[in-house]
Amino acid sequence: MTAPAPASAAISLRRWILDLAASAVLVAVALVGFWPSFAGPSFLPAAIGGIVIGLAIAGVAAWRRWGILIITGLVVAAYFVFGAAFALPHTAILGFVPTLETLQKLALGTVTAWKQMLTTVAPVAAVDGHLIVPFLLALVATTLTASLALRLPIVAWALLPAGALLMLVIALGTPQPAFPVVQGLVFAVVSIAWMALRQIWAPQNMAVSVSEVDPSRAAHMRMRRLIAGLAVLAVAGGAGVAASAIAAPAEPRHVFRDVIIPPFNIRDYPSPLQAFRKNVRDDVDETLFTVQGLPKGARIRTAVMDEYDGMVYNVTDGGPTSSSAFSPLRSNMSPDAEGVPVTLNIAVDEYSAVWMPAAGELSEIRFTGDRAEELRRGTYVNAETGTAVSTVKLQKGDEYSVDAVMPNAPDDDQLAEVEFGTVAKPKQSNVPEELTALAAETVASAESPIEQVRALESFLSEGGFFSHGLEGEVLSRAGHTSERITTLIGGDQMIGDDEQYAVAMALLAGELGIPTRVVMGYYPDEEQEGEALFTATGDNVHSWVEVNFEGFGWLRFNPTPPEDQVPNDQNTKPRVDPKPQVLQPPPPPQEPVDLPPTLPDDRESEDESLNLAGLIGAILLIGGITLGILALLMSPFIVIGAWKAAKRRSRRAAARTADRISGGWDELTDRAVDYGARLTPGGTRPEEAAAVVATLAVPRVADLAQRADADVFGPTDPTPEDVEAFWSEVDTIVGGLGEDAGFWKRTKARLSLRSLLGGSAISNGFQGLREAATARVRREPGTIENSNTSTPVAPESETP
């Protein structure tokens, strides 16, 4: 390798400093767009680290005149060496020494980190591996920008990767911009100043004769040009800031996150409130799950529902902050939660459902046990409602820990002057008409929002009776349809349980415009509160209501009467403000599904469609190219594996049981051939077994050969049980071959074509060529070998 050229011969020192500084600033300005995605500066160490390393690679490579291949190798090496410290410190030793887990996640992250970041509801957590994206973008973009600036005379080429990074960060971010005015202004000013200085410092512009004749005049001219340029930039920047302050955006910003939807849909699962009475009836004495660490007064929740259609109370169908907005499991899910942090250890017993028991504002969920990884991949969390679901369904033996924050519950005095929170309220349909007038009448004397809620709560809890409708109890039908709620409210007495009273209060509050939702879960009786271990059964399943108050969030209320408040012959307390009983109409039919209106064929709808189509097209193009490359690389492995699997299936499914035994032996010898055994074509099974034993040292093969001959040539066909036992022995031996071999030998055997081409014309042809080549190498020049002697052969020219 030749010695590097002096720095002064390649580029001036001040130009180096200018190019490196400008590259760093432009890349940093672009990466600031990730601020809303991470809800703060947690990504900055990864971004700054990538920028510094990229500048070092670009500077050293330009100084040493290294080419693109060496630069690419340096970028890849730096990504894996420094990725532990800047992208995955929680997986590294001492926070910077990479481990096998670190290297594995870094390798996979180049492909999967983009999807994970886009399919995770923002803000994303740094400890979930999302820092790979800003670190990798900073490293690559900085190296490319700085390398182009240091090597090319026209600096405008270096602006291309920086500008592409700015657009990519916007596309990967959230619809809410970070600092758009500051970003645009700084990016434009730095770009213009960079190009201007590079133009002034260009060699052809430095050779000015004025400086030789009158140096003071040349310095004065440069100062005037510099001041004029700064003035133009200041005026342009001020005009841009002023215009952005008064100009409203024409339409919201579209990003990849808008069109990439996580595949999980909570509406695929029925509302758990529909099974409330079944849980009470069938699981009253069953231990469903146990919870360690549940504070006094806390409740375990399984589901939160806020939409009613006249038949069932369910999760809302849509909305980023709705009860159906579930996203993949991540860490630090509630960074802004205030209250008492707790850790709950939950062990599942007879509980079997997708809705996971949890409590408080969820921060992190950690699984243990044999199914830990499967549960982690299948768990989705709604941080807005503090609920979680597992698509693989919980079962006995599952265990997990929940880190959560228990918010402080204010009293009524603190809420005396507090208004209801401003939250999106889903549309309620098929609500009984009687509830509108009843709700207004119930809160007529209330003077504040909290008094309105307490009036609704007291109307139901004090004026109603409790009954599950089980054997020995007063009749109380299950369900919470519009007809059932009408019967509850319009009868002589209100009789029901948590299911009916919670829904009734939520509907009454909804008629008054109060933001309300229904919660289903478990909590201990008063005498069991505060115990170290809470055992959840069907006897302590409950439903309650939560109302949103400004500044305090969702607060719970209990409209269900006490369980000892039951109707009987001696106690027929009338409900508050009784109404005459009337014949109730049948349940109203469900409203037809509201189809979205057809967009008018105008320019605005076309532009929106084009924007979305462009985003979707870009995603499909990137995904298609990636899948195409992967498919091309994996196609040989897939074809070979499919070929061998097809042969195995045909042998295992042969019509005659004797042929299945013979196929099992062929499967064993094929795998032995793949691992290096050499079998003579046409040999008997004992001969083949001897060859396998000699090469691979598997003594059981000889006994299996005799057993195969006995089953195939015996007087009777083997039974299906014999076939299963024989194939089981074959699988055990083949598995042992793989365990004894190393990784590379095992991989080589799986990809080997020897067993597939054995005995074919292609194989025989290659074998013949191989034997001929071997004989030619062993033959001495000028001789012909036979079995005993080598006879010299005279050259053709000397033959008489």
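Going by the structure above, here's the rest.
Residues numbered from 1 in each chain as written. Predicted model: local features only at pLDDT ≥ 70, side-chain atom pairs only at ≥ 80, totals over all residues. Heavy atoms only, no water.

Asker: Explanation requested: the nonpolar core in the structure shown.
Answerer: In globular proteins that are soluble, nonpolar side chains generally tend to be buried together. Membership of the largest hydrophobic core comes to 82 residues, with the highest contact counts inside it found for Leu344, Ile365 and Phe549. At 9 residues, the largest contribution of residues to this core is made by helix H19 (residues 498–511). Those residues in contact with Leu344 that sit more than four places away from it in its chain are Val291, Gln292, Gly293, Leu294, Pro295, Ile300, Ala359, Tyr400, Ser401, Val402 and Met406. Counting residues in hydrophobic clusters, the runner-up holds 56 residues, among them Leu18, Phe38, Phe43 and Ala113. (Core = buried A, V, L, I, M, F, W, Y, C linked by side-chain atoms within 4.5 Å. Buried < 20%, exposed > 50% of the residue type's maximum accessible area, 1.4 Å probe, protein only. Helix = DSSP H or I, 4+ residues; strand = E, 2+ residues; numbered from the N terminus. Contact = heavy atoms within 4.5 Å.)

Asker: Looking at this structure, how should I read a positive patch on the surface?
Answerer: Positive charge collects at one region of the surface, where Arg678, Lys745, Lys748 and Arg754 lie side by side. In this structure, Arg754 sits in helix H26 (residues 754–757). Look at Arg754 and you get partly exposed, because its relative accessible area is 34%. (Patch = residues over 30% accessible without salt bridge, like charges linked within 9 Å, V, L, I, M, F, W, Y side chains within 5 Å. Areas by Shrake-Rupley, 256 points an atom, 1.4 Å probe, with all protein chains shown as cover. Salt bridge = Lys/Arg side-chain N within 4 Å of Asp/Glu carboxyl O. Lys, Arg positive; Asp, Glu negative; His and termini not counted. Charge placed at Lys NZ, Arg CZ, Asp CG, Glu CD.)

Asker: Sorry if this is basic, but what is going on with the sheet that holds strand E14 (residues 516–522) here?
Answerer: The strands making up a sheet are joined through hydrogen bonds of the backbone, oriented either antiparallel or parallel. Taken in spatial order, the 4 strands of this open sheet run E2-E14-E16-E17, and their pairing is antiparallel. The strands lining the two open edges of the sheet, one partner per strand, are strand E2 (300–305) and strand E17 (553–557). Direction aside, neighbouring strands of the sheet carry axes that sit 35° apart on average. (Pairing = 2+ DSSP bridges. Axes fitted to C-alpha atoms, helices over the stretch in contact; angles between N-to-C directions.)

Asker: When you look at a negative patch on the surface in this model, what are you seeing that I'm missing?
Answerer: A cluster of like negative charges, contributed by Asp285, Glu286, Glu473, Asp539, Glu563 and Asp564, occupies part of the molecular surface. Mapped onto the elements, Asp285 comes out in the loop between helix H14 (276–282) and strand E1 (289–292).

Asker: I'm lost on helix H4 (residues 44–64) in this one. Help?
Answerer: Counted at 1.5 Å a residue, the expected span for H4 with its 21 residues is 30 Å, and the 30 Å between its end C-alpha atoms agrees. Positive backbone phi, approximately 60°, marks Arg65, located one or two places after H4. (Expected span 1.5 Å × (residues − 1).)

Asker: I'm lost on the packing of helix H18 (residues 482–490) against H19 in this one. Help?
Answerer: As a packed pair, H18 and H19 sit with axes 10 Å apart at the nearest point and diverge in direction by 90°. On the basis of their axis angle, the class for H18 and H19 is roughly perpendicular. Within the contact between the two elements, H18 uses Arg484, Ile485 and Leu488 and H19 uses Gln500, Tyr501, Val503, Ala504 and Leu507. Grouping the constituent residues of the contact of H18 with H19 by class yields 6 nonpolar, 1 polar and 1 charged. (Parallel < 35°, antiparallel > 145°, perpendicular 65-115°, else oblique. Nonpolar A, V, L, I, M, F, W, Y, C, P; charged D, E, K, R; others polar.)

The quantities given are spatial measurements derived from coordinates; they are silent on function.
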